[in-house]
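# Fold and contact review
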Amino acid sequence: MTAPTVEAAIHELMDLAWNLVYDLLDKRGLLGDGLFVEEYTGIHSWVEGPTRYTVVHSRTAAVLFVDTRPVDAIVFHHDLLGADDPSSFFSIPG
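Throughout what follows, the structure given in this document is the object of discussion. (Residues numbered from 1 in each chain as written. Predicted model: local features only at pLDDT ≥ 70, side-chain atom pairs only at ≥ 80, totals over all residues. Heavy atoms only, no water.)

Moving on, we get to the sheet that holds strand β1 (residues 42-48). The four strands lie next to each other as β1-β2-β3-β4, forming an open sheet whose pairing is antiparallel. Taken across any chain shown, the strands that pair with only one partner, and hence form the sheet edges, are β1 and β4 (69-75). Strand-to-strand twist of the sheet, defined as the mean angle between neighbouring strand axes without regard to direction, takes the value 20°. By the bridge criterion, seven bridges tie β1 to strand β2 (residues 51-57) in an arrangement that is antiparallel. (Pairing = 2+ DSSP bridges. Helix = DSSP H or I, 4+ residues; strand = E, 2+ residues; numbered from the N terminus. Axes fitted to C-alpha atoms, helices over the stretch in contact; angles between N-to-C directions.)

Shown next as structure tokens:
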């Protein structure tokens, strides 16, 4: 189980853009049996200049948010967590 503040941050991001996250996961073939926010238990966030990047992940998928907008989703793998530049795993629209 995640800490209440981490859980709240995950839910806030995922709920804010529910339809966009759903469509993104579906488009990438990562939806599985549906979008269950409670399966997303990990979050990693950092700031570069004026932009905040946040990765929210479950055991199977990771979603990249730029500020509060979901921009890409990939199959989750543990290399992402210790990466110097986690955003390099994703495609970020120009």
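This part is about the packing of aromatic side chains. Per the stated rule, a full pass over the model turns up one aromatic pair. For the pair W46 and Y53, a centre-to-centre distance of 5.6 Å together with 15° between the ring planes defines the contact as stacked. Judged by relative accessible area, which is 13%, Y53 ranks as buried. (Phe/Tyr/Trp six-rings, centres within 6.5 Å; stacked < 30°, edge-to-face > 60°. Buried < 20%, exposed > 50% of the residue type's maximum accessible area, 1.4 Å probe, protein only.)

Bringing the side chain of H57 into the picture now. Note on placement: H57 falls in strand β2. Looking at H57, the relative accessible area reads 12%, which means it is buried.

In this section: helix α2 (residues 18-27). Within the sequence span of α2, burial applies to V21, L24 and L25. Buried residues of α2, seen end-on, are gathered within an arc of 95° and therefore sit on one face of the element. Opposite the buried face of α2, at more than 90 degrees from it, the exposed residues are N19 and K27. Buried-residue contacts for α2 involve α1 (4-16), β3 (61-66) and β4. A positive backbone phi angle near 75° is found at G29, which sits one or two residues after α2. (Arc of directions from axis to C-beta. Contact = heavy atoms within 4.5 Å.)

Attention now moves to the pairing of β3. The buried fraction of β3 is high, at six of six residues. With burial as the criterion, each face of β3 is covered, one bearing A61, V63 and F65 and the other bearing A62, L64 and V66. With five bridges joining them, β2 and β3 adopt antiparallel strand pairing. Looking at the pairing, V56 lines up with V63 of β3. Hairpin remark: β2 followed by β3, antiparallel, with three residues in the connecting loop. A loop of two residues connects β3 with β4, the two strands running antiparallel in sequence, and D67 in this loop sits at a positive phi of about 60°.

Despite not being glycine, D67 has its phi angle at roughly 60°, a positive value. Mapping D67 onto the fold places it in the loop between β3 and β4.

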